[in-house]
Amino acid sequence: MTQRLRTKFDAATARSNHLLTPEVAREANWGFAVSHFAEIDRDSDGFVTFAEISDFMDERSPVKMPSEKQIQIIE
Ligand SMILES: [Ca+2]
């Protein structure tokens, strides 16, 4: 998942110094990044870094692992 995201991000930002902007996302036909840009860009500086989109994807992942602290082992 992260590797695929990395590949997509790198491909999209190859000519933009590894920073994603709405224009770069649009040129790459990356609709998801275009439509969620404001949410992904947490510090609202107009650029999405890989760390930002990676965090965003982790948080909205449907297979998010429950916290280990919440798992009770029944003996
Ligand atoms: Ca940002």
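Anything mentioned here points back to the structure above.
These remarks concern the structure in this document. Within each chain, residues carry numbers counting from 1 in the order of the written sequence. It should be noted that, the model being predicted, local features are given only for residues of pLDDT at least 70 and side-chain atom pairs only at 80 or more, the latter also being counted only at that level, while totals for whole chains, interfaces and linings use all residues.

## Quick look at the overall build of the protein chain
The way it works is that DSSP assigns letters per residue, a run of H or I at least four long becomes a helix, a run of E at least two long becomes a strand, and they are numbered from the N terminus. Of the regular secondary structure elements, the protein chain holds five helices and zero strands. Ordering the α and β elements of the protein chain from the N terminus gives α-α-α-α-α. A burial count over the protein chain gives 13% of its 75 residues as buried. Buried, partly exposed and exposed are defined by the number of other C-beta atoms within 10 Å of a residue's own C-beta, namely 20 or more, between the two limits, and 12 or fewer respectively, with C-beta atoms placed from the backbone.

## As for unusual backbone geometry
We note that histidine 18 has phi near 60 degrees; this positive angle belongs to a residue other than glycine. Mapped onto the elements, histidine 18 comes out in the loop between α1 (2-13) and α2 (22-27). In this model, asparagine 29 sits at a positive phi of 55 degrees, which is unusual for a non-glycine residue. Take asparagine 29: it is sitting in the loop between α2 and α3 (31-35).

## Thoughts on the nonpolar core
Listed in full, the eight residues of the largest apolar core are Phe9, Ala12, Leu20, Val24, Ala25, Ala33, Val48 and Ile53. Within the residue set of this core, elements represented by two or more residues are α1 and α2. What makes a nonpolar core is a set of buried Ala, Val, Leu, Ile, Met, Phe, Trp, Tyr and Cys residues, with links drawn between C-beta atoms within 7 Å.

## Here's the deal with α1
With twelve residues, α1 extends 16 Å from end C-alpha to end C-alpha; this agrees with the ideal 16 Å at 1.5 Å per step. Among the residues making up α1, those that are buried are Phe9, Ala12 and Thr13. Buried residues along α1 cover an arc of 85 degrees about the axis, so they all sit on one side. Looking at α1, the residues exposed on the side facing more than 90 degrees away from the buried face are Gln3, Arg4, Thr7, Asp10 and Ala11. To estimate the expected span of a helix, count its residues, drop one, and scale the result by 1.5 Å. The arc in question is the one traced by the directions running from the helix axis out to the C-beta atoms.

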